[in-house]
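Coordinates in review
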Amino acid sequence: MTVKNVLVIGGGVTGTVASIALAQKGVKVTLIEISPEWYGVGHGITVQGNALKVFQNIGALDRMLEHGLGFNDLNVKHADGHTLVHMEAPHTGGPDLPSTMGALRSDLQTVLVDMIHDLGVEVRLGTEMVSFVNKEDSVDVTFNNGTTENFDLVVAADGIKSKTRKMLGSKHDKQATGLGIWRVVTKRTPEMTSSAVFYEGPEYKAGYTPISEDLCYAYVLTDPVRPDNGLSNAQEMKRLLEGYHGEFDFIRENIQEDDYMNFQPIEWLFVDDEPWHQGRVIMVGDAVHACPPLIAQGAAQCSEDAYLLAEYVTREGDMETLLTEYTERRKPRVKIVVDASLQLVEWEIHPDTPGANPAKLMGESLGALTQPA
Ligand SMILES: Cc1cc2nc3c(=O)[nH]c(=O)nc-3n(C[C@H](O)[C@H](O)[C@H](O)COP(=O)(O)OP(=O)(O)OC[C@H]3O[C@@H](n4cnc5c(N)ncnc54)[C@H](O)[C@@H]3O)c2cc1C
């Protein structure tokens, strides 16, 4: 086996899936996470079939489905509540898996973290890499406690603000999309059993995904700066959702001040024209491609990155060749998602663009992703 001792940087979905997949192949994995507490993020997430396929491959899916909700449909609606298109969402993970699962991020992370501990991955919280030196067949890493250790490979899954990306001298940095997003985890009705997206409202797109028997994750896209209007989070979200009806009448009425809710500008990043690795340090996940969540594929692409990387670096062969082949395989697939997501952002901001057809583009891009990763 080419690598035996790997350092993974970052305990998000990319870093945890990479750690599990590597450990399952017999690699000794050390996972460092900068946060001193490895807490689950409380938000909901729309997880599509190709991510479910990865979770199935590493043996996590059944436990995830005990918490989340799998389904196959997608409703495209007008903001007044009437259905424009009802379709079966493409099965990006193959016909045997649900096309989508709604879940709490913290529930997914709990399953992954439990597996990490069961597999004997060494987890170091409050730890970061401050420098590294690439050697012939390995890399010396110095940590923030001043110690230096040698690894066969460093997998940097440190997210959109990746310090590793800067250390590697990338010219790429995160960019604003011109959109912001409000998200809430709140009550749903029994009829809300699949995702729905609502167009042509007073803000940009709004939507929801059911994440359990009685909860959903709802969002509305809006301007990238929160207005200084003195409203609480719940009041602001209700205000933004006033022009959305159908199921949103229930959601709006039931949003509570203590529901998990936040606002953030949407950013993006794609390291398309530079290598993702230098010597024995490779970047994966949002560190090299943060997709605006317009087709809800970000975490799916991250999971695919992580799982396939473990497959490549445990093959026999020259590591430079393996890492180059890996990146060449990943970039075109990630590009489908980034390009479609940015086009959808553009159409949100300029809905009168001739030929704008978000539902068609969403269907086509997810259709393309039904091909194996
Ligand atoms: C508003 C929004 C909604 C989204 N909705 C969806 C969705 O519905 N479906 C979907 O599939 N995707 C969605 N995404 C995308 C998805 O959340 C991301 O693609 C994914 O979570 C990125 O995972 P990651 O592990 O690469 O990065 P992160 O989740 O950012 O994890 C990086 C980790 O590295 C740690 N870290 C950072 N720096 C260091 C360091 N120097 N040393 C050690 N550790 C470090 C961080 O603390 C963090 O734990 C959404 C994104 C946004 C912004």
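Residues numbered from 1 in each chain as written. Predicted model: local features only at pLDDT ≥ 70, side-chain atom pairs only at ≥ 80, totals over all residues.

**Structural notes on the packing of helix 1 (residues 13–24) against helix 4 (residues 105–118)**
- Relative orientation of the contacting elements helix 1 and helix 4 amounts to 35 degrees, with a least axis distance of 10 Å. In this structure, helix 1 crosses over helix 4, and the sense of that crossing is left-handed. Contacts between helix 1 and helix 4 involve Thr16, Val17, Ser19 and Ile20 from the former and Leu112, Val113, Met115 and Ile116 from the latter.
- Within the contact of helix 1 with helix 4, the residues separate by chemical class into six nonpolar, two polar and no charged. (Axes fitted to C-alpha atoms, helices over the stretch in contact; angles between N-to-C directions. Helix = DSSP H or I, 4+ residues; strand = E, 2+ residues; numbered from the N terminus. Left-handed = near helix turned anticlockwise from the far one by under 90°. Contact = placed C-beta atoms within 7 Å. Nonpolar A, V, L, I, M, F, W, Y, C, P; charged D, E, K, R; others polar.)

**Overview of the site of the ligand**
- Near the ligand, the surroundings consist of 30 residues, among which Gly10, Gly12, Gly159, Gly285 and Gly298 are the closest.
- Among the secondary structure elements, those contributing two or more residues to the shell around the ligand are helix 1, strand 2 (28–33), strand 3 (44–48) and helix 8 (298–313).
- With four residues, the top contributor of residues to the shell around the ligand is helix 8.
- Considered class by class, the residues forming the shell around the ligand number 13 nonpolar, twelve polar and five charged. (Near = placed C-beta within 6 Å.)

**Focus on the nonpolar core**
- Core analysis: the largest hydrophobic core is formed by 116 residues, its most contacted members being Val6, Val17, Ala18, Val154, Val155 and Val284.
- The element best represented in this core is helix 9 (residues 319–349), accounting for eleven residues.
- Apart from the residues within four sequence positions on either side, Val284 is in contact with Thr14, Ala18, Val155, Ala157, Asp305, Ala306 and Leu309. (Core = buried A, V, L, I, M, F, W, Y, C linked by C-beta atoms within 7 Å. Buried ≥ 20, exposed ≤ 12 C-beta atoms within 10 Å, placed from the backbone.)

**A look at helix 8**
- For helix 8, spanning 16 residues, the distance from its first C-alpha to its last is 23 Å, which sits close to the expected 22 Å at 1.5 Å a residue.
- Buried residues dominate helix 8, accounting for 14 of its 16 residues. (Expected span 1.5 Å × (residues − 1).)

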